[in-house]
Amino acid sequence: MIEVKNLSKFYGPTKAVENVSFTVGKGEILGLLGPNGAGKTTIMRILTGYFQPTSGSVKIAGFDVVEEPLEVKKRIGYMQEGQQGPALYYEMTVSSFLSFAAEIKGTPKKDRSQNILKAMELAGIKDVRHRIIGRLSSGYKQRVGLAQALLNDPEILILDEPTRGLDPKQIIEIRQLIKNMAGERTIILSSHILPEVSMTCGKIVIIDKGEKVAEDTQAELAKKLEGGDRVVVKIKGKPDAGEVTKEFKKIKNLKEVRVEAEGNSTRIEVVRSGSKDIREDLFATAVENNWIILEMKSSSLSLEEVFLRLTTREDV
Ligand code: ADP
């Protein structure tokens, strides 16, 4: 349904997105995860035809976003992130804003009230239709943003940080709304926090500094790093930390080594990159150097740690 190929975007000399590719199947929910400034909004703006890519291509339901932007826009509902929440007209009432948005989107006059009613029902805002948007709670503002994106009954929804600024109860409600819409609609949402995408999305693409650093289902991301991926070794005494790091780095398939003194012993934490068990190699290295092992244990990384490691590039 959505096909992003080698997408790059530069703002003048500033790189915002570089060589990002991914696909989203019909009815899937894809999460774009990355810290602030990673390039998520830029990707979404290109997908929705607001920005032209510097290079690469995007196809939505078979239509190229640059060559056939109108066909693309017809099929997409976009909820943009503004300075204080979703991009809306805060002085308007909910229904007048939605009428205005429907007009802008080119909804034929005869279908407008029906479309607006349906969007309000889906977003759960019928009760507040006569209220001024600026006076609504942030949860309701978000729902108005969602209703606006749902006008014209789009096949694809692109939601920029749909739960930003909401309280935990509102977050649960919006998440549920989004989940209910998957299946018949294809959804891309962005977030800078991991629980958001791991709870809502079937597939996660992690973006950092404009580049894709991982793409997987949330289950696969977690599984990949399970099973003793990190090993902590404690050795007696306090040998030179630089020496310890150097010796342990000689082991193959080892991604990261951290050494710190802990009382009269030294704690060494290593993270492996492949699936091979490296405990024997750790043991051999300690023996070769006459370091006495007091303890060795392995544990898996949480998804939160995986994200942090991917986006802070602590590789050796
Ligand atoms: P995110 O949505 O992940 O926070 P953005 O796509 O907004 O990231 O930004 C990616 C990078 O592009 C950032 O370094 C940002 O400063 C830069 N950027 C975004 N919009 C513009 C713009 N209109 N002009 C220049 N630089 C921009």
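Residues numbered from 1 in each chain as written. Predicted model: local features only at pLDDT ≥ 70, side-chain atom pairs only at ≥ 80, totals over all residues. Heavy atoms only, no water.

*Asks:* With reference to specific residues and values, describe the packing of aromatic side chains.
*Replies:* Taken as a whole and judged by the stated rule, the model has five aromatic pairs. Ring geometry for Y89 and F100: centres 5.5 Å apart, planes at 75°, overall edge-to-face. One end of the pair, Y89, is in the loop between β6 (76-79) and α3 (94-104); the other, F100, is in helix α3, and eleven residues separate them in sequence. Taking relative accessible area as the criterion, Y89 reaches 43% and is therefore assigned partly exposed. In this structure F100 comes out as partly exposed when scored by relative accessible area, which is 29%. (Phe/Tyr/Trp six-rings, centres within 6.5 Å; stacked < 30°, edge-to-face > 60°. Helix = DSSP H or I, 4+ residues; strand = E, 2+ residues; numbered from the N terminus. Buried < 20%, exposed > 50% of the residue type's maximum accessible area, 1.4 Å probe, protein only.)

*Asks:* Help me get a handle on the pairing of strand β3 (residues 29-33), residues and values and all.
*Replies:* Within β3, five of the five residues are buried, leaving the element largely enclosed by the surrounding structure. Both faces of β3 are covered, namely the face carrying I29, G31 and L33 and the face carrying L30 and L32. Of the strand pairs in this sheet, β3 and strand β8 (residues 186-191) are connected by five bridges, and their pairing is parallel. When the sheet's bridge partners are listed, L32 is paired in β8 with S190. In this structure, β3 lies alongside strand β9 (residues 203-208), joined through four bridges in parallel fashion. Paired with G31 across the bridge in β9 is I204. (Pairing = 2+ DSSP bridges.)

*Asks:* If you had to explain the sheet that holds β3 to someone new, which residues and values would you point to?
*Replies:* In space, the six strands of this open sheet follow the order β6-β7-β8-β3-β9-β10, with mixed pairing throughout. Across the chains shown, the open sheet's two edge strands, defined by having one partner strand only, are β6 and β10 (211-217). With direction set aside, neighbouring strand axes in the sheet form an average angle of 15°. The pairing of β6 with strand β7 (residues 156-159) spans four bridges and is parallel. Bridge pairing links G77 to L157 in β7. (Axes fitted to C-alpha atoms, helices over the stretch in contact; angles between N-to-C directions.)

*Asks:* Which residues make up helix α10 (residues 279-288), and what are the values?
*Replies:* Those residues of α10 not exposed but buried are L282, T285 and A286. Projected down its long axis, α10 shows its buried positions confined to an angular sector of 100°, all on one face. Turned more than 90 degrees from where α10 packs its buried face, E280 and E288 sit exposed. Tucked into the core, α10 has its buried residues touching β11 (230-236), α9 (241-249), β12 (254-262), β13 (265-272) and β14 (293-299). Following α10 by one or two positions, N290 has its phi on the positive side, about 60°. (Arc of directions from axis to C-beta. Contact = heavy atoms within 4.5 Å.)

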